[in-house]
Amino acid sequence: MRKFGLKAALAALFATFAAPSFAQPSASPTLDAIKARGNLNCGIGTGVAGFALPDSRGIWQGLDADLCRGLAVAIFNDPSKVRFVPLSSSTRFTALGSGEVDVLFRTSTQTMLRDTTLGLRHATTYFYDGHGFMVKADAGVQKVAEMRGATICLIQGTTNEQVTADYFRSINTPFQAVVFERTDQAVAALQAGRCDSFGTDASQLAGVRSSMPRPADWTILPERFSKEPYGAYIRRGDDQWFDVVRWYTYAIIEAEEQGVTQANAEQQRRTSTNPNTRRLLGVTPELGQSLKLDPAWAYNVVRAIGNYGELYERTMGDKSQVQLPRGPNHLWTTPGGLMYALPLR
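Cut-offs used in this document
- Residues numbered from 1 in each chain as written.
- Predicted model: local features only at pLDDT ≥ 70, side-chain atom pairs only at ≥ 80, totals over all residues.
- Heavy atoms only, no water.
- Helix = DSSP H or I, 4+ residues; strand = E, 2+ residues; numbered from the N terminus.
- Areas by Shrake-Rupley, 256 points an atom, 1.4 Å probe, with all protein chains shown as cover.
- Lys, Arg positive; Asp, Glu negative; His and termini not counted.
- Charge placed at Lys NZ, Arg CZ, Asp CG, Glu CD.
- Salt bridge = Lys/Arg side-chain N within 4 Å of Asp/Glu carboxyl O.
- Disulfide = S-S within 2.5 Å.
- Buried < 20%, exposed > 50% of the residue type's maximum accessible area, 1.4 Å probe, protein only.
- Core = buried A, V, L, I, M, F, W, Y, C linked by side-chain atoms within 4.5 Å.
- Contact = heavy atoms within 4.5 Å.
- Pairing = 2+ DSSP bridges.

J.: Summarise the overall build of the protein chain; cite the residues concerned and give the values.
T.: Along the protein chain, the regular secondary structure elements total 14 helices and twelve strands. Along the first, second and third principal axes, the C-alpha atoms of the protein chain reach 90 × 45 × 40 Å. Carbon and sulfur atoms make up 52% of the accessible area of the protein chain, which amounts to about 16300 Å² in all. Mean positive and mean negative side-chain charge positions of the protein chain (36 and 32 charges, respectively) differ by 6 Å.

This is the structure we're talking about:
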């Protein structure tokens, strides 16, 4: 009798480890509120080409704007069910914390202190960048260290303020900071001659330069002075919403890794025998079930906005006005690329 009991106990223990347990995610107050409201409130920047800038019809265009649309598709299968909320660098985190927006896709660097002290969480990196400086092309400046005593335009509430101060302090070189709330204010001051340089992330410098009347009059110096990984931010305490935003971002990267595009997603969904592709596109429903989304959520997203590579080329790359080389934002399978989706399985 004792021997039988031991065997039964061992069998039960083995079954516990051998059989996976799929716990259902807890309810998400954010996702529930979004569904009840009927739209996603998405925080974006106040206007930088490549990330978020209204076109001639007043429609927001850019990487961040399309990431907002894609998230609305994941939830509603409708890219129009998003309300864009333009936020300055100094107000973005307050607006998110107060519930004015549900998520930030707003060129916001992931840092330890932001993650641990603001009551917010960053989901995962969707863009890699670094701090740089732009000067007049005829200024005769080749390196930032040559800008002794320069007046530099900076944006309030950004990591760029600290990066600039730290660098000039490290080389014992004085400079004068002129701080603005919005990028357009800094650019106007730069063009008016109030500043010798504009210091911010290189991608934003490229976007700003592409929108200037005479882009060739300005040079982005080649040096980079920081790591600036941009991530979507949400409020802490809502694990299911964190999962949705995080795995949505991974899904569009995974789609590029698997060669799933806007053009071929429908065919791939019908004919692919690759288990990973079938999971991604919702042929087998477990990914959507785990997030409490439609099984075809990722398929719908790729059909609406494309995979990560398509999104980059359209908003930042060769098919855009910004013309920013992809660099570290290539997939990890490309030399120098850092983009990497965790396994969707």
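More follows now that the structure is in view.
J.: Got a sec to walk through the pattern of salt bridges? Specific residues and values, please.
T.: Pairing is possible between side chains that carry opposite charge, provided their charged atoms lie close to one another. Enumeration over the complete set of coordinates arrives at eleven salt bridges. Between Asp 115 and Arg 236 there is a salt bridge, with the nearest N and O atoms lying 3.7 Å from each other. Here Arg 236 lies in the loop between β12 (228-235) and α9 (239-257) and Asp 115 lies in helix α5 (residues 112-117), a separation of 121 residues in the sequence. A salt bridge links Arg 121 to Asp 239, with the shortest nitrogen-to-oxygen separation between them at 3.6 Å.

J.: Could you give me a rundown of the state of the cysteines, with the residues and numbers involved?
T.: Enumeration according to the criterion identifies two disulfides in this entry. Shown here is the disulfide that connects Cys 42 with Cys 68, its sulfur atoms set 2.0 Å apart. On the S-S bond that ties Cys 42 to Cys 68, the torsion sits near -70°, and the link is left-handed. Here Cys 68 lies in helix α3 (residues 63-76) and Cys 42 lies in strand β1 (residues 40-44), a separation of 26 residues in the sequence. Like Cys 42, the residue Cys 68 is buried in the burial classification. Here Cys 153 engages in a disulfide with Cys 195; their sulfurs sit 2.0 Å apart. Here the disulfide of Cys 153 and Cys 195 is right-handed, its torsion about the S-S bond being about 85°. Within this pair, whereas Cys 153 is found in strand β8 (residues 151-155), its partner Cys 195 is found in the loop between α7 (183-191) and β10 (197-201), the two being separated by 42 residues in sequence.

J.: Describe the nonpolar core, and please don't skip the residues or the numbers.
T.: Core analysis: the largest hydrophobic core is formed by 80 residues, its most contacted members being Leu 71, Val 103, Phe 105, Phe 127, Trp 241 and Tyr 248. Setting aside residues up to four positions removed in sequence, Leu 71 forms contacts with Leu 40, Val 103, Phe 105, Trp 241, Val 244, Val 245 and Tyr 248. Of all hydrophobic cores here, the second largest spans eleven residues; its members include Phe 133, Val 135, Val 141 and Ala 150.

J.: Explain unusual backbone geometry residue by residue, including any values.
T.: You will see that Asn 172, though not glycine, has its phi angle at about 55°, which is positive. Topologically, Asn 172 is positioned in the loop between α6 (159-170) and β9 (176-180). A relative accessible area of 66% places Asn 172 in the exposed class. The backbone of Lys 292 sits at a positive phi, close to 60°, despite the residue not being glycine. With respect to the helices and strands, the residue Lys 292 is situated in the loop between α12 (286-291) and α13 (297-305). By relative accessible area, which is 38% here, Lys 292 ends up partly exposed.

J.: Residues and numbers for the pairing of β10, please.
T.: A large share of β10 lies buried, amounting to five of its five residues. Bridge analysis of strand β7 (residues 131-136) against β10 gives five bridges, and the strand direction is antiparallel. From the neighbouring strand, Met 134 faces β10, where its bridge partner is Phe 198. Where β8 meets β10, two bridges bridge the pair, whose relative direction is parallel. If you follow Cys 153 over to β10, its bridge partner there is Phe 198.

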